[in-house]
Each structure stands twice: as structure tokens, then as C-alpha cells.
Amino acid sequence: MSADDRKIILRTEALTKHYGGVHALEAADFILRDGEHVAIVGDNGAGKSTFVRQITGVEQPTSGKIFFDGQEVSFKNPIEARDHGIETVFQNLALADDLDVPSNLFLGREETYFNLGPFSILNERSMTQKAVGALQTTGVKIPDVKNKIRNMSGGQRQCVAISRAATFASKLIIMDEPTAALGVQETAQVENIIRGLKKRGIPLILISHNLRQVLDLVDKVWVWRRGRIVGAVDRDKTDGNEIVSLITGVKSGIDGEAAFV
Amino acid sequence: MAEAATATGTAGAPDKSRRQRPAEFNVFIGLILIALVFEVLGWIFQGQSFLFNFQRLSIMVLQVSIVGIIAVGVTQVIITGGIDLSSGSLVGATAMIAMSLAQVSTHERAVFPALTDLPVIIPVAAGLICGLAAGLVNGALIAYTKIPPFIATLGMMVTARGFSKWYTKGQPISFPTEGFASIGAGMNPVLIFIIVAALFTLILRFTVYGRRTYAIGSNEQAARVSGINVEHHLMLVYAIAGGLAALAGIVLAARGLTAQAGAGVMYELDAIAMAVIGGTSLSGGRGSIIGTTLGMLIFGVIISGFTFLRLDAYYQEMIKGAIIVIAVVLDVYRQRMRGRS
Ligand SMILES: Nc1ncnc2c1ncn2[C@@H]1O[C@H](COP(=O)(O)OP(=O)(O)OP(=O)(O)O)[C@@H](O)[C@H]1O
Ligand SMILES: [Mg+2]
């Protein structure tokens, strides 16, 4: 595929984040094109989640630039990132345990009957209907959407978080280790949601330690090591071994999957 | 791949998705049991019914309804995962402020001799505005400086009490206009409590404000990344709590026909206890005004039950302390049960 003439959706220029003396992210130059699905891989502490927090407005970078959809941006908070069409599934789930599925799906963007500021009356019926629809489109089955998140299994929670992102994302969706704690069936289901996003043409950044999954799903793999980008390889021109050597910093020897578990 | 989609996220144990009985139900049962205990003790020791005495019941509800108004605000604060220790002092301060603007001109030692015989709206508005402002300061401190709510509202508690003493150099303020006094007359405090409780039950249940209040207490980080302006919301919640403390102060002053610097001492603890007894969790995310109302009634039954059995007032204080501790222990216990499931 001739990816290079597609529009650039996200580009970072020397993006850097230091936490005191910890150089979590060092001069990252990253590019994501329209419709492209890419993965970010790297060992624990490589700076993957840190990168996500910088581009979604959760934290402010120490230095560097971010360009989104053609213009330079610096999101002051996650609301601004979301208003630009970026949806994120954060590594530690961002669900309110004491609320039900529709309330979580529409958290921060509640539907109301008329605008009375904070005291606007919730349009519960419409939110529930749309929530059921959203779960259906993403193939997630929750027996009772009015049940509180607290009473659901880890897999169900993760599926709710992912359907929320998949439903509202318009320009970019980011998933930080979405299948880390899931069983085989739930993992397959999340992977299906991701394939659905590919069909809809929504760009995706997937962070995962599962190399099989990464090679199955994405077009391009970005490799991070100790806060730096050490390589970006096209899915069609690589195999597990090359990626493993990039991750660990050695050129050969280690068997594919082992280093990732 | 559509086949795989039918294998869905229902892997959790089936009992996990069962809906639970509302916490308020257990509180209601508790209320009934406690009332029955006093009924039995009443027949044994006093030879009369505890419950079937209209006058006793109405005094009981009157006694707790002013603290109940505060508890409605405190419940909302606790649902966000916070705490408000300033409400008792705010009752005192706003009672003083409102009363000083509600005096009759025939009283020769009025606080503001030029400001007497004012229409009732003026002292009421002044009290409410001061309460809202103090609550707003609480909220801003908590939201923006990240001071723990316990400390921020403790500061306000001491400051507001100091203000009350300074305001008239310790002198009580009396002789309100008839209009002002009528706010606290008869069963009006109960009526005001019912209106406030009903209003905030609806607001917590059906509005964006309510949903976000629970969301913040449930998972503040989630609320933040979901696009909720947590700082603004906390300021609003604490301001409402301050406003309701002021309303309680106004009702208290109007009922007693006087305001003094010591008014409302320890009301904050009673209000917190009512909320927690009613099932509001100190770790946030859970609770309701209906629960708090039941907690208020439990409080009332126990206090008037002990009076009815002619137990010494000192015992009552100690029992109240024990109730608060028991309520918190129950909350911790419920929390642990939930963590296990
Ligand atoms: N708030 C913070 N304060 C200080 N150091 C931090 C902070 N957040 C992250 N770090 C450090 O930055 C480095 C990168 O962390 P990050 O979470 O981005 O890693 P990661 O690649 O997502 O790892 P994992 O695969 O385990 O999720 C780590 O050394 C971590 O300890
Ligand atoms: Mg991470």
C-alpha cells in the first residue's frame, strides 16, 4: 500500500517528557496517517503510556510539538482532545464503578432534554437505547446494561470501555493494552472491534505486549525502548524476530513470543 | 470474524450480574427494628406506647429536621468522596448574619439600628449568600490546592466559629420580625426539610449534576478523562452544602427567636452520622437522600427514645458517639464485603 500520500492525522516532533530525573519519553518523532492502524510495542517502562498521556491532554509534555489533523495542538485537558475526535482506552480503566453502562458510555457527554446547565434533566431513555445500540455494533453482550460496572467481570468492563471509545471516536482511537487482562474469547472480541474500526477507516494506535496480536491487526509497528523510538517497521516486511531484537536492543537469538510475556 | 463476536464478554460468574437490593431497604428495616425495641421497652418501663403518641413523634421529627437539612448537603459532599466539617459552624455564622438583619425597630439595642424591620427576603438572602460563598471557598480550596477535604473544611469550621463570636463580641442577637420568626414556626422546619430533601432526591437522580457527583466519587480519574470539569463540579457541590447549612442556620434562628455564637456546635458530626447511617459510603460513589432521611429518623428515634425512657442527657451524648462509630464501622464492613465479591 502506498501509505505515504495519505493525509497525516497525527505527528509529533521531538516530543519529550521528563518526570523529575526520569526521562520517560525522549525526542519522539511519530507519524500516523489517515485510516492507518499502528502498534506501539516495547518493554515495561519503555514510555508507551507516557506517550499516550502527552497526546491526549492528560499531561503536558516537557518539550516538543504535536500536530493533529493538520494543525499544531496542545491539549490542556482530556476534554479538548476528545472534542477533537480522539478517544482513548486508558491502561487503567476509566470507568465509574458505581454507575451503569449507559451512564459510563455517556459520562461527560450526557444527553439531556433541555439545557439547564448542570441541572439539565438526563434523557435516560435515549442514552440507554444508544448504549444498547453501541454494544450491539461492537458485538459486546452485557446481560443487563442497567447493572453497575462494579458487578461486572473484568472482561465485561473492558468491553464497555472499548465500545465507548469505538462509538465516539471520529478521528483517532488509542488503546493502551486493551487485552492485557482478558481471556481468549474476550481478546478475540476486542480484536474484532479493532477490525471493525479498520473497516470504518478510523485510525488506531494499539499498545500491546502480544506480538501475535500486533502482527495480526496492524499495518505498522513502532518500537520503543527506554523512552526512545528505535524503529518503525511495516507489518508486511517484518517478522516477530526483528521486532523482538529491536525491543530488547539485541540483534538476534531470542525466540519470538517469549520476550513479550 | 462475525462468528467470534458472538463469543462475548459474559465470562464472569453469573451471580455477578445480579442486581442488588437497594441499600436503603436495609436501613429502613433497621429503623423499624429500633422503633420496635423502644416500643417494647416503653410498655415494660413506662407502661405506655412509644410510637403511638403524635406529639412525641412530631417533636422527634422537629428535633432532627434542622440537622437533616444540613445532612442533605453533606450527603452530596460525601458522595463525591469528600467530607464537610464546617457545616455546624456555618449554621452559627449564618444564623448570626441573618438575625442581625431581621431585627425589629422597637428593639433599642439592634445590631444595625439603621437596618431594622427589613422585608424577610433580605436576612434570608444574606444568610444564604454567605453560606454559599463559604461553601465555594471550601470547594475551591479542595479542588485547586488539593488540600484534603478534612483539613480544608476544618479550617472553615474554626474560622466561621471565630467569625460568629467576633460578630457581636459574643452577644446573642434576638427580637426578629414576625415574618422572619414565621420561618421556624410550627412544623415549618419539617416542611422545609421535606422540600429540600425531595428537591435534591430528584436532582441527584435525574440531572447531569447528580450523575457527575456519583461519577467523581466513584472514580475521580475516570471522571476527569471522561471530560468532566472536576474542579468546577466540586466547587458547586461544596457551595450547595454551604447554602444548605445556611438554610438550617436561618431556620434554627427563626425557630429559637435568637441567634448565638455557639449555635450549631457539633451539628456537622450529627449530619455526617445521618448520612453514613443511611448508607452513604465515606469512600464515595454511593448514597442517597432517601437513605439520609432514614438515617435522620433513626437518629431521631434513638434520641427521643432515650428521653422517653428518662435516660440522663450525658448518656445520650455517649450513645450518639457510639452511633457514629457504629455507622462508620458498618460502612467499612460493607466496603470490605464489596471488595470480596
Ligand atoms: N507520573 C510519573 N512520575 C514519575 N515517573 C513516571 C510517571 N509516569 C511514568 N513514569 C516513569 O516513566 C517510565 C515510562 O512509564 P510508562 O508508564 O510510560 O511505561 P510503559 O511503556 O507504558 O510500560 P508498561 O508496558 O508497563 O505499561 C517508567 O520508568 C515510569 O516509572
Ligand atoms: Mg503502559
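Residues numbered from 1 in each chain as written. Chains lettered and ligands numbered in written order. Predicted model: local features only at pLDDT ≥ 70, side-chain atom pairs only at ≥ 80, totals over all residues. Heavy atoms only, no water.

**Thoughts on the coordination of the magnesium ion (ligand 2)**
Next, step 1: Ligation of the magnesium ion (ligand 2) by protein atoms is provided by S49 of chain A (OG) and Q91 of chain A (OE1), these donors lying 1.9 to 2.2 Å from the ion. Here S49 of chain A, found in helix α1 (residues 48–55), pairs with Q91 of chain A, found in the loop between β6 (86–89) and α3 (101–105); they are 42 residues apart in sequence, far enough to count as distant. (Donors = N, O, S within 2.8 Å, 3.2 Å for Na, K, Ca; no water. Helix = DSSP H or I, 4+ residues; strand = E, 2+ residues; numbered from the N terminus.)

**Section: the interface of chain A and chain B**
Where interface size is quoted, it is often the accessible area lost as the parts come together.
Next, step 1: With 43 residues of chain A at the contact, the number on the chain B side is 41 residues.
Next, step 2: Summing both sides of the interface, chain A and chain B together bury roughly 3,500 Å²; the carbon and sulfur share of this comes to 57%.
Next, step 3: Considering only the surface of chain A that becomes buried against chain B, D98, F119 and N151 of chain A emerge as the three largest contributors, covering 15% of it.
Next, step 4: Inspection of the region where chain A meets chain B yields four salt bridges. (Contact = heavy atoms within 4.5 Å. Buried area = accessible area lost by both parts, 1.4 Å probe. Salt bridge = Lys/Arg side-chain N within 4 Å of Asp/Glu carboxyl O.)

**Re helix α8 (residues 188–206) of chain B**
Residue and element names in this part refer to chain B.
Next, step 1: Spanning 19 residues, α8 covers 27 Å between terminal C-alpha atoms, matching the ideal 27 Å at 1.5 Å per step.
Next, step 2: Burial in α8 covers these residues: P189, V190, I192, F193, V196, A197, F200, I203 and L204. Around the axis of α8, the buried residues are gathered within 160° of arc, so they sit on the same side.
Next, step 3: Where α8 is buried, its residues touch α3 (54–79), α9 (208–218), α11 (230–256) and α13 (289–308). (Expected span 1.5 Å × (residues − 1). Buried < 20%, exposed > 50% of the residue type's maximum accessible area, 1.4 Å probe, protein only. Arc of directions from axis to C-beta.)

**Regarding the site of ligand 1**
Residues and elements named next belong to chain A.
Next, step 1: Close to ligand 1 lie 15 residues; N44, G45, K48, S49 and T50 are nearest.
Next, step 2: Contact between ligand 1 and N44: an oxygen atom at 2.8 Å from a side-chain N or O atom of the residue.
Next, step 3: One of the side-chain nitrogen or oxygen atoms of K48 is found 2.7 Å away from an oxygen atom of ligand 1.
Next, step 4: Mapped onto the shell around ligand 1, the elements with two or more residues apiece are β2 (22–33) and α1.
Next, step 5: For the shell around ligand 1, the leading source of residues is α1, giving four residues.
Next, step 6: Grouping the constituent residues of the shell around ligand 1 by class yields four nonpolar, seven polar and four charged. (Near = heavy atom within 4 Å. Polar contact = N/O pair within 3.5 Å; in protein donor to acceptor, adjacent residues only side chain to side chain. Nonpolar A, V, L, I, M, F, W, Y, C, P; charged D, E, K, R; others polar.)

**A look at the sheet that holds β6 of chain A**
Residues and elements named next belong to chain A.
Next, step 1: The six strands are arranged β6-β7-β8-β3-β9-β10 in an open sheet whose pairing can be described as mixed. The sheet is open, and its two edges are formed by β6 and β10 (228–234), each paired on a single side. Taken over all neighbouring pairs, the strand axes of this sheet differ in orientation by 15° on average, direction set aside.
Next, step 2: In the sheet, β6 pairs with strand β7 (residues 172–176) via four bridges, with the strands oriented parallel. Residue pairing across strands places T88 opposite I174, the latter belonging to β7.
Next, step 3: Running at roughly 170° to β6, helix α5 (residues 154–168) makes contact with β6 and β7 of the sheet. (Pairing = 2+ DSSP bridges. Axes fitted to C-alpha atoms, helices over the stretch in contact; angles between N-to-C directions.)

**Some words on the confidence of the model for chain A**
Next, step 1: On average, residues of chain A score 88 in pLDDT, and 94% of them reach the 70 mark or higher.
Next, step 2: Long-range and interchain partners of residues 251–261 of chain A, a stretch whose pLDDT sits below 50, account for 19 contacts in this model, where long-range means more than four residues apart. (pLDDT = per-residue confidence, 0-100.)

**Points about unusual backbone geometry**
Next, step 1: Of note in the backbone geometry, A27 of chain A takes a positive phi value of approximately 45° without being a glycine.
Next, step 2: Examined against the element boundaries, A27 of chain A turns out to sit in strand β2.
Next, step 3: With phi around 60°, R310 of chain B is a residue other than glycine that occupies positive phi space.
Next, step 4: Inspection of the secondary structure puts R310 of chain B in the loop between α13 and α14 (313–340).
Next, step 5: You can call R310 of chain B exposed: its relative accessible area is 67%.

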